[in-house]
Amino acid sequence: MRKPIIAGNWKMFKTRDEALYFILKVSEKMPEKEKVDTIIFAQAPLLRCLITRQGEELRIGAQNLHYEDEGAYTGEVSGPLLNSYNVEYVLIGHSERRQYFHESDEDVNKKIKAAIRNDLLPIVCVGENLDERENNQMNDVLERQIKGAFKDIPAIEMKDIVIAYEPIWAIGTGKTATADQADQACGFIRSIIKDLYGPVVAEGIRIQYGGSVKPTNIDELISKENIDGALIGGASLDPDHFITLANAPLNLK
Ligand code: 13P
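Residues numbered from 1 in each chain as written. Predicted model: local features only at pLDDT ≥ 70, side-chain atom pairs only at ≥ 80, totals over all residues. Heavy atoms only, no water.

Visitor: Now, about the site of the ligand: what can you tell me, with residues and values included?
Guide: As a matter of local geometry, the ligand sits amid 13 residues, with Lys11, His94, Gly172, Ser212 and Gly234 nearest to it. Lys11 is positioned such that a nitrogen or oxygen atom in its side chain is 2.8 Å from an oxygen atom of the ligand. Measuring from an oxygen atom of the ligand, one finds a backbone N or O atom of Gly233 at 2.9 Å. Its free accessible area being 310 Å², the ligand has 95% of it covered by the protein chains. (Near = heavy atom within 4 Å. Polar contact = N/O pair within 3.5 Å; in protein donor to acceptor, adjacent residues only side chain to side chain. Areas by Shrake-Rupley, 256 points an atom, 1.4 Å probe, with all protein chains shown as cover.)

Written out as structure tokens, the structure reads:
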């Protein structure tokens, strides 16, 4: 049994006061951490004040880290700094980082290694764009992204890694992949992990779906065999929606 993992990615939204109001509102209403892992990924300057108020059940994660531990990289955030704030999770390779900041599969690989080195748990994002899906290149793209991301990462590290399948055409567009499409892609990702690491790692690794997930569609998505949770953008900004989303796995039969 894989423990469900529900995460909100706030992207570049919320000021300090807005973020504190949210945490105050949701922290008592999160599911028990023995049953569901819940995380909010916030902008870097918010991490410190949110972590001190996160409560028992909610974790606060970073949206990015640099692949070097220190150096002349103005504006970047290092793994050792995140670790020193007790940040547990870090998002790596989100499609917006790949698209707007030109992160390559090689960068993603180096960032995963930096996260492991600094005791951070990575959620590694992959997903195809609309052209790639329409031209039947989805599997090739996912295979390239997964093999690139996990190059030289030993099997022992894979048990703590989470993968988020986020088709780019479904992000922020209101177009959700159908539950079957999402399950099929997550199943394909699991099969690549099986080729790379064998059945035990493949059965244990958690794979989330992301892309226009909301309170009205989460139940069907997470009921699928290969979908172990959700990575939510827009709908995670609203505290009431996030409370519903985080508790959705408790309704699973
Ligand atoms: P939306 O839920 O707004 O489509 O965003 C998905 C996403 O990019 C989460 O990382």
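That covers the picture; the talk isn't over yet.
Visitor: Can you lay out the pattern of salt bridges for me, pointing to particular residues and giving the numbers?
Guide: One pass over the structure, following the stated rule, counts 20 salt bridges. In this structure, Glu56 and Lys33 form a salt bridge, with 3.3 Å as the shortest nitrogen-oxygen distance. Separated by 23 residues along the polypeptide, Glu56 in the loop between helix H2 (47–51) and strand E3 (58–62) and Lys33 in the loop between helix H1 (16–26) and strand E2 (37–42) bring together distant segments of the chain. Residues Glu103 and Lys111 are paired through a salt bridge, measuring 2.7 Å at the closest nitrogen-oxygen approach. For Lys111, a relative accessible area of 5% puts it in the buried group. Residues participating in the shared-partner salt-bridge network are Arg2, Arg190, Glu203 and Asp228. (Salt bridge = Lys/Arg side-chain N within 4 Å of Asp/Glu carboxyl O. Helix = DSSP H or I, 4+ residues; strand = E, 2+ residues; numbered from the N terminus. Buried < 20%, exposed > 50% of the residue type's maximum accessible area, 1.4 Å probe, protein only.)

Visitor: Just give me the short version of the packing of aromatic side chains, but keep the residues and values in it.
Guide: Two aromatic rings, taken as a pair, are described by how far apart their centres are and by the angle between their planes. Tallied over the entire structure, the rule returns three aromatic pairs. Consider the rings of Phe22 and Phe242, whose centres lie 5.9 Å apart with planes at 45 degrees: the pair is tilted. With Phe22 in helix H1 and Phe242 in helix H12 (residues 239–247), this pair connects stretches of sequence that are 220 residues apart. The pair formed by Phe22 and Phe242 is uniform in burial state, with each residue classed as buried. (Phe/Tyr/Trp six-rings, centres within 6.5 Å; stacked < 30°, edge-to-face > 60°.)

Visitor: Which residues make up the packing of helix H5 (residues 105–117) against helix H7 (residues 138–149), and what values do they have?
Guide: Their axes nearest at 8 Å, the elements H5 and H7 cross at an angle of 40 degrees. Here H5 lies oblique to H7, going by the angle between them. Both H5 and H7 take part in a crossing whose hand is right-handed. Taking contact as the criterion, the partners of Asp105, Val108, Asn109 and Ile112 in H5 are, on H7, Arg144, Gln145, Gly148 and Ala149. Across the contact of H5 with H7, the residue classes break down as three nonpolar, three polar and two charged. (Axes fitted to C-alpha atoms, helices over the stretch in contact; angles between N-to-C directions. Parallel < 35°, antiparallel > 145°, perpendicular 65-115°, else oblique. Left-handed = near helix turned anticlockwise from the far one by under 90°. Contact = heavy atoms within 4.5 Å. Nonpolar A, V, L, I, M, F, W, Y, C, P; charged D, E, K, R; others polar.)

Visitor: Describe the pairing of E2, with residues and values.
Guide: Within E2, six of the six residues are buried, leaving the element largely enclosed by the surrounding structure. Here E2 shows no split at all, with Asp37, Ile39 and Phe41 on one side and Thr38, Ile40 and Ala42 on the other all buried. The sheet contact formed by strand E1 (residues 5–9) and E2 spans five bridges and is parallel. Looking across to E2, one finds that Gly8 is bridged to Ile40. Both E2 and E3 contribute to a ladder of five bridges, which runs parallel. Bridge assignment links Ile39 to a residue of E3, and that residue is Arg59. (Pairing = 2+ DSSP bridges.)

Visitor: Residues and numbers for the sheet that holds strand E8 (residues 229–232), please.
Guide: Spatial strand order, E1-E2-E3-E4-E5-E6-E7-E8: eight strands in a closed barrel with parallel pairing. The sheet shows a mean angle of 25 degrees between the axes of neighbouring strands, taken without regard to direction. Both strand E7 (residues 206–210) and E8 contribute to a ladder of two bridges, which runs parallel. Bridging across to E8, Gly210 finds its partner in Leu231. Along the sheet face, helix H9 (residues 179–197) touches strand E5 (121–126), strand E6 (162–165) and E7 and points at about 140 degrees away from the line of E6.

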